[in-house]
Structures are given as structure tokens and as C-alpha cells.
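# Understanding the architecture of this molecule
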Amino acid sequence: MTGNTVAIIFAFICYLAMMIGIGIHAMRQTATTEDYFLGGRGLSGWVAALSAQASDMSGWLLMGLPGSIYLGGTGKMWIAIGLFVGTVLNWVLISKRLRSYTIVSGNSLTLPEFFENRFRDKKKIILTISSVVITVFFLVYTASALASGGKLFHTVFGLDYHVAMLIGAVVILAYTFMGGFLAVSKTDFVQGTLMFIGLLTVPILAYAALDGGLWNSLKGSGVTDPDYLNLFYVNGERYSLVSILSDLAWGLGYFGMPHILVRFMAVKSEKEIKKSTIIATIWVGISLLSSCFIGLIGRAYIPEIKDSENVFIQMIQRVFDGNIIYVFIGGIFLCGILAAIMSTADSQLLVCASSASKDIYKNLFHPEAEDKKVLRISRVTVFAVAVIAIVIAWNPESSIMNLVSDAWAGLGSAFGPLVVCSLFWKRTNLPGAVSGILSGGLFVIVWDYLPIVGGQTPYAATGIYSLLPGFFISLLCIVIVSLLTRKPSQEILDEFDQVSEYREDSAIQI
């Protein structure tokens, strides 16, 4: 084992020990299910903003997006543009009202519980359906994060992919199992900070090392296509309007992401929401732009990479090659990639656990269950979900980008339109809500997986990302079914008006 390898291992050990330490500390502050799932609604603006964005971006930001730009050129930046717009709209339009509505509507702790309370679903139909949808799609999403971890450890240390993936999963499990939401949010804050520093520093240093500027270096590395830096071309071909709209549609997914929406519910005051909005907007704008430049600069800096999704890893290794101190610093930045992976996986594990234990076990089957028992069930569920996600990600050829896109489309189509309608359209009723979730979720499955168009899936035949039509089909179903069925009760309508008039001058204590 070389001195460089020892330095990197030491950096990883320090980082992972810090994450587990945070989990142990958070466990001492976690006594109830509200603590475990929402941290007692006590997140500060900084923690809420960075944990929300860190849990959002995952290994996709540092591996998937740079890898796609490395191969295809700047035309793949349309996804980043869509995500930036979606992030801003989510914070500006959804965050404050969702937080207020979940407080007024029975102090809801999870998204399915909010839907149940919002529509007075005494038969728990919507709670059951939404919990199942969350569990199914989040299993795929969690698998993408674990696959990212496996690729990271395999590339850096030469470990077997499966062993590498298991190491990452064990650490994530440790602090999520112990500390719940508080541990996840605090570790995500640290991870979001580390990701941000790495995204800014590494591409700047790599660019400074280029000889003759970006385009000359690209030509020197074998890029002959003059449209590689053209936003309207991908792989040397004109990027179609359908493809651009499909990439921009990624931004629609934000309205339906439970692991992001739960941060809005957990912020301690409206004042902190405003602060979080500014912080999150700046963080995501700079991070997405830097991620895109990693792909472009990486193509010039490291011309030949077997797996393009490893471009950032290899860029760090080359930039910080030298004495032990440089290598150790590089190891810390490699931890930034691990931070991106862990910050998403832990949030997804927690959301799955909340759906299974709080929404299904307690609310559906055992409403009399004591809080401590539900808390135990939650921790067991975290472990079970991780095991299933490991099975899904077991194939070392798993594409991070494909796994993320499938889960993002499913959750965005199933929940995005309903979240918007629940918050802003008084006439939305229970039948409409149920039809929106079912139509959105099922559409994505059919579109992406069933070969019904000449032996091809509709996605393969058209190239249209399933979230684009899925979101609007779900929205249309909500509107049509709600208008064709009985309007909501007066109690529901009055509560909607109460939320509109809700004001809060200080931190809430529940």
C-alpha cells in the first residue's frame, strides 16, 4: 500500500467518523417520532437550505451530470437549467405554504399523512397508495446512490464494486438508523458545504492547468466537433426541441420529491424559510454551473476515461497528485463525492422508513401503537430498505443517470401535480387526488418499461422523458375528476382559507 493510498484512506476515515459522531449526538436528541422524522420542526435556515439541496443533488451532481456533458457536450446542460428553475420555484412557491398547511392540517409529519389530513381520507386510501408509490420509487432512487458509492470506492481504492457498495451502505445506515432526521439534516449540512467547496475549487485548479484555454485544450484532446460547446448540439447533432423540453422537464420533479418537501415542513419559522430560499438558490445555481464545467474541463484535462461518470474522481486525483499533504487534501475532496452520495441516500432511507412505519404500520394497521414502538419499527425499516436497494444496485454496470431519471420521473409525476393542487386549488378533492397519484405513477412505469410501440417502450420510440407527459396527465386527471365529483366538505374549504390567512411571527413550538 503506497503512502498516497494511506493518506486518502485516512481522509475517508476522518470524514466517516465525523458522520457517525453526528449520528450518535443526534440520537441523544431523538426521543419521539416527530424528532425522528422532522427533527421537532426546528431546522435553521442554513441547515434547511443546505440539507435540502444536498439531499436533492446526490452523486448525480458530481458523477452523472458531468459524465453526460463529458460525452455529449454543453447541450446536456439543459437538465441543469431545468433543475435550477425547478429549485427556485419550489422554494418560492411551495416551501412556506406547505409548512403552514402541514401545521394547520393535523401537524402532519409526512407527505402521505398530509394528503390524508388535507382530504379527510378516513378510509386511508390516499395514505396507502402514496406510501406504496414512495417506497417503490425511492428504492430505485436509493439504489442509484449506493451504485455511486460503489463506483467511487472502486475507482479510488480498486475495491471490488460490491464490497465498495456495502461499505458505503453500512456507514449511511449507521447514522440514519441512530439519529433519524436530525442526524440526516446535520450531516447533510456538512456534506452540502463540502460538496460546494469541491465543486468550486477542483474545476478552477484543473482549468488553470490547461495549456492554451479550454477550446484549444479540447482540440488537443481529440474533440474535433466545433459544436461541442454549442448549447443546441449533443454528440455533434442538432438537439431536438423534444429533447430540450424533456431535459427542462426535470425541474417539474421538485414539486413531488418527499425528501426535499419534508425540509420545508421541518423549518422552525417563516423567517427561516425566507433565509433558506436565498441560500438554496445561490447554492444550487453555483453548484450546477460548476458541475457542468467539470464535464467540459474534464474532457480537455483527461481525454480518455473508460467510464465518463468517474471524470470528477479522476480530475481530483490528477490535480492533487504530489506529496502526502496534497493527496490528503484530494482525499477530502473525494469525500465531497461521498458526501453527495450519502446526503441523498440517507434522506431517501428516512422517507421510506417514515412511509412504512408511520404511514402504513401505525396509521393504517396499528393506530394504537405507542410512539416508542413506531420509532423501533422505523429503524428496522431503514435497514430493510437499504438491503433491498443494495440488491437493485448489485449490477456494477448500473447507470447512475438512468436509475435517478426513473425514480425522479415516478415521484415527480405521481406527487408533483397533487402537491401544487393541494396547496393552491381549493376545489381539489379526494377522488381527484387519488386519480392524480395513480395516473402519474402508472404512466411513468408504462412509458419507461412496457414495449408497447412496435416492440419498444414509448420512451425509446419517442425520446420524450416520461416526467414531461406524466406530470401534465396527472394534473389533468386531478382537475377533471375533481370537477366531475362532489366538491370538498365545508370543513376542508374552511381549512384551506385558514392556511391562506396563516401568519407566524416567531418560531413554532409543537
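Before going into details, it helps to say that this report is about the structure given with it.

The relative placement of two packed helices is expressed as an angle between their axes plus a distance between the axes. Viewed as axis vectors pointing N to C, helix H5 (residues 111–118) and helix H6 (residues 125–157) meet at an angle of 160°, and their least axial separation amounts to 9 Å. With respect to their mutual orientation, H5 and H6 come out roughly antiparallel. H5 and H6 meet at a crossing whose hand is right-handed. Across from Pro-112, Glu-113, Phe-115 and Glu-116 in H5, the residues of H6 making contact are Ile-126, Leu-127, Ser-130, Ser-131 and Ile-134. Of the residues in the contact of H5 with H6, the class split is five nonpolar, two polar and two charged.

Okay, the pattern of salt bridges next. Pairing between side chains becomes possible if they bear opposite charge and their charged atoms approach one another. This structure, assessed with the given rule, holds five salt bridges. For Arg-120, the salt bridge goes to Glu-491, with nearest N and O atoms at 3.4 Å. Of this pair, Arg-120 sits in the loop between H5 and H6 while Glu-491 sits in helix H19 (residues 490–500), placing them 371 residues apart in sequence. Residue class for Arg-120 comes out partly exposed when judged on its relative accessible area of 27%. We note a salt bridge from Arg-120 to Glu-495, for which the minimum N-O separation is 3.0 Å. Of this pair, Arg-120 sits in the loop between H5 and H6 while Glu-495 is found in helix H19, placing the two residues 375 residues apart along the sequence. By sharing partners, the salt bridges in this structure join Arg-120, Glu-491 and Glu-495 into a single network.

In this fold, Thr-277 is placed in helix H11 (residues 270–301). Judged by its relative accessible area of 14%, Thr-277 is buried. Of note is the side chain of Thr-277, whose polar atom sits 2.9 Å from the backbone oxygen of Ile-273. Ignoring anything within four residues of it in the chain, the contact list for Thr-277 reads Trp-91, Val-92 and Ser-95.

Parameters at a glance
- Residues numbered from 1 in each chain as written.
- Predicted model: local features only at pLDDT ≥ 70, side-chain atom pairs only at ≥ 80, totals over all residues.
- Heavy atoms only, no water.
- Axes fitted to C-alpha atoms, helices over the stretch in contact; angles between N-to-C directions.
- Helix = DSSP H or I, 4+ residues; strand = E, 2+ residues; numbered from the N terminus.
- Parallel < 35°, antiparallel > 145°, perpendicular 65-115°, else oblique.
- Left-handed = near helix turned anticlockwise from the far one by under 90°.
- Contact = heavy atoms within 4.5 Å.
- Nonpolar A, V, L, I, M, F, W, Y, C, P; charged D, E, K, R; others polar.
- Salt bridge = Lys/Arg side-chain N within 4 Å of Asp/Glu carboxyl O.
- Buried < 20%, exposed > 50% of the residue type's maximum accessible area, 1.4 Å probe, protein only.
- Polar contact = N/O pair within 3.5 Å; in protein donor to acceptor, adjacent residues only side chain to side chain.

By themselves, these observations are geometric and do not establish any function.
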